[in-house]
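Chains, contacts and geometry: an overview
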Protein chains: 2
Amino acid sequence: MASAESVAAVVSAGGAHVPELMDRVEARLRAVATSHGPVLGEQAEATIAAGGKRLRPLLVLVAAGPQPADDEALVRAGAAVELVHAASLVHDDVLDGAALRRGRPTVVAAAGRDMAIATGDLLFSRAFAELAGTGRADAVRVLSDAASALAAGELLQRADAWSADVSRERYLERCDLKTGRLFQAACALGALLGGGSVEALAAFGRRIGLAFQLLDDVLDVSGPAERTGKHRGTDLLDGTVTLPLILAREADPELAALDVRTVTTPAAAEAVCDKIAATGALERSREEALAMVADAKRQLPALPEAQQAALELVADGVVDRYS
Amino acid sequence: MASAESVAAVVSAGGAHVPELMDRVEARLRAVATSHGPVLGEQAEATIAAGGKRLRPLLVLVAAGPQPADDEALVRAGAAVELVHAASLVHDDVLDGAALRRGRPTVVAAAGRDMAIATGDLLFSRAFAELAGTGRADAVRVLSDAASALAAGELLQRADAWSADVSRERYLERCDLKTGRLFQAACALGALLGGGSVEALAAFGRRIGLAFQLLDDVLDVSGPAERTGKHRGTDLLDGTVTLPLILAREADPELAALDVRTVTTPAAAEAVCDKIAATGALERSREEALAMVADAKRQLPALPEAQQAALELVADGVVDRYS
């Protein structure tokens, strides 16, 4: 997650309207969480309140340019993108059996698997209802394509779990589906509703989303746990093969021969993380992600100064987690 | 499920365009299932191919009237409604740990919980993508509201599971959320895209959807298993309290004192079903559902003859399962 400071910097660089609209996105998210009775209220509100840095809504607002015409549509789009993200987290936590997220109990831990599946479905549905309220079917199409990609990415991850031969290409495809496409949609929605260049901004979002996922996967191996809020190597314990392991296998025959299924305890996972780190695979993965971010910034079209600065700050925020 | 004959009757009563559009809905559903790679293909195609009678798409087409203007939009809406239904079945089967649906292994049984959650999410997303393709944000709003209701109904069902004091009103609210609202949306979408009276047709759909759920719950108690494809009393084993038990408790003190948690085997569930049946609660529940269907038919507005006949046949199809 980008640091709170970097998000604040984006918010102020993006123009005076950005903080106001971010507040309205927040209010809208809370309204959605509290408008479906006590059962949803309890679980969804906890999920939404747990927050995170709202990078995706921020991208919607910043991609819309310095003087967006239709505030209300942007606020809805920002809330919708965050709701899809929140829904996917709730379902991911069911898949992973995760107990904590952002230091709070997950819905699945607090209320059980059944409630978590239904809560995710509800957040998902509300995302589309929010966005449909803009009257823009083209916007709904953008978000539903991203949501489909997200689910397809999960399917791919499950299909490849524990597999010994996940290629770099296949890994990048999964990251693109799981993360790149929703960042892309956030930027596309902002541009679409703000009247900017959808294609160029969408490409920017997709690149930094991909880098975000790569860096997330590096963090899972590098830790430290105090920073990530989880043990190192949770991906390994889930059978999820990520770039650091893929690269490390090329350098270390012992890792190349490792059957991920045999890694079943946190201590064993940490030991594998140390071996991965020893090959230099973390630095190489990080460099790859940083190159993607640099590329994303370089390929931005000519934009108003404030917008350009804000987008670059978001891109830096993705990297920031490693400074 | 309505009998194949009654559906065929609706299809022919509705006008020459109905069978052609139903074929196109079917083709579209298969295209969605097969267009997301082998992983989704396998699971989603099985889910969609397993079929059922496509009552919801049929309602979309028939509610659109005898000479619908925009065929393509109706086909998309029909597919979208069925995709939401299919997604909810896939997730329901995870919640219930169901092994079979319509005589085939469920996604959760064939591919595991993780794949089932992701498959449901993908079908769900594709539903909104299909509908957004009509360019009608108002249509997306109708479907997302129904999808939200569906998830809220699941939450309510889980919140009330094993509860001793589920009231008749609370039960009917749950049925409305779980089933009535998607039938309502099917009719509303047809009317919206076909230019008919949205309100009157939506009310019709909601009533027969509610009756459909009631009768489904009666079937779970009455069996026979050869007809339903499952043991009697599966709802009891899930802790789901339905109208037959609510009514039977008023008549039988032993049932009133029953803690549903103590019903843990199929044999025990069947014994409770026999006790429920002995109170006459099944007949009373059935009568209530039939009265709803009669009411739905009676309150239909003046419509072209073919459309009226087709809608009444759908309503009869809901009841038909008991003839």
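A brief look at the structure comes next.

**Digging into the relation of the copies chain B and chain A**
With an axial shift of 0.0 Å and an RMSD of 0.0 Å, the rotation relating chain B to chain A amounts to 180 degrees. Within this description, the copies of the chain are treated as partners about a two-fold rotation axis. Within chain B, the C-alpha atom positioned nearest to the axis of rotation is that of B:Ala137, 2.3 Å from it. When the interface residues of chain B are mapped onto chain A, 100% of them again lie at the interface, so the same face is used by both copies.

**Description of helix 2 (residues 17–34) of chain A**
Residues and elements named next belong to chain A. Over its 18 residues, helix 2 runs 26 Å from end to end, which matches the ideal 26 Å to within 8%, given 1.5 Å per residue. Looking at helix 2, one finds that the buried residues are His17, Val18, Leu21, Met22, Val25, Leu29, Val32 and Ala33. Looking straight down helix 2, one finds that the buried residues subtend no more than 145 degrees of arc, so they occupy a single side.

**Brief notes about helix 16 (residues 281–298) of chain B**
All names here are of chain B. Taking 1.5 Å per residue, 18 residues should reach 26 Å; helix 16 reaches 26 Å between its end C-alpha atoms and fits that length. Buried within helix 16 are the following residues: Ala281, Leu282, Ser285, Ala289, Met292, Val293 and Ala296. Buried residues of helix 16, viewed axially, fall in a sector of 115 degrees; they line one side. Exposed and oriented more than 90 degrees from the buried face of helix 16 are Glu287 and Arg298.

**Considering the interface of chain B and chain A**
Listed as interface residues are 36 residues of chain B and, on the opposing side, 36 residues of chain A. Of the roughly 3,200 Å² buried between chain B and chain A on both sides combined, carbon and sulfur atoms contribute 70%. Of all residues in chain B, B:Asp114, B:Ile117 and B:Leu155 bury the most surface against chain A, accounting for 17% of the area lost on that side. Linking chain B with chain A are 4 salt bridges, by the criterion used here. Going through the elements one at a time, helix 3 (37–50), helix 5 (71–96), helix 7 (113–132) and helix 8 (137–160) of chain B are the ones with two or more residues in the side of chain B that touches chain A. Here the side of chain B that touches chain A takes 14 residues from helix 7 of chain B, the largest share from any one element. For the side of chain B that touches chain A, the class distribution of residues is 19 nonpolar, 7 polar and 10 charged.

Scoring rules and cut-offs
Residues numbered from 1 in each chain as written. Chains lettered and ligands numbered in written order. Predicted model: local features only at pLDDT ≥ 70, side-chain atom pairs only at ≥ 80, totals over all residues. Heavy atoms only, no water. Least-squares fit on C-alpha atoms with pLDDT ≥ 70 in both. Contact = heavy atoms within 4.5 Å. Helix = DSSP H or I, 4+ residues; strand = E, 2+ residues; numbered from the N terminus. Expected span 1.5 Å × (residues − 1). Buried < 20%, exposed > 50% of the residue type's maximum accessible area, 1.4 Å probe, protein only. Arc of directions from axis to C-beta. Buried area = accessible area lost by both parts, 1.4 Å probe. Salt bridge = Lys/Arg side-chain N within 4 Å of Asp/Glu carboxyl O. Nonpolar A, V, L, I, M, F, W, Y, C, P; charged D, E, K, R; others polar.

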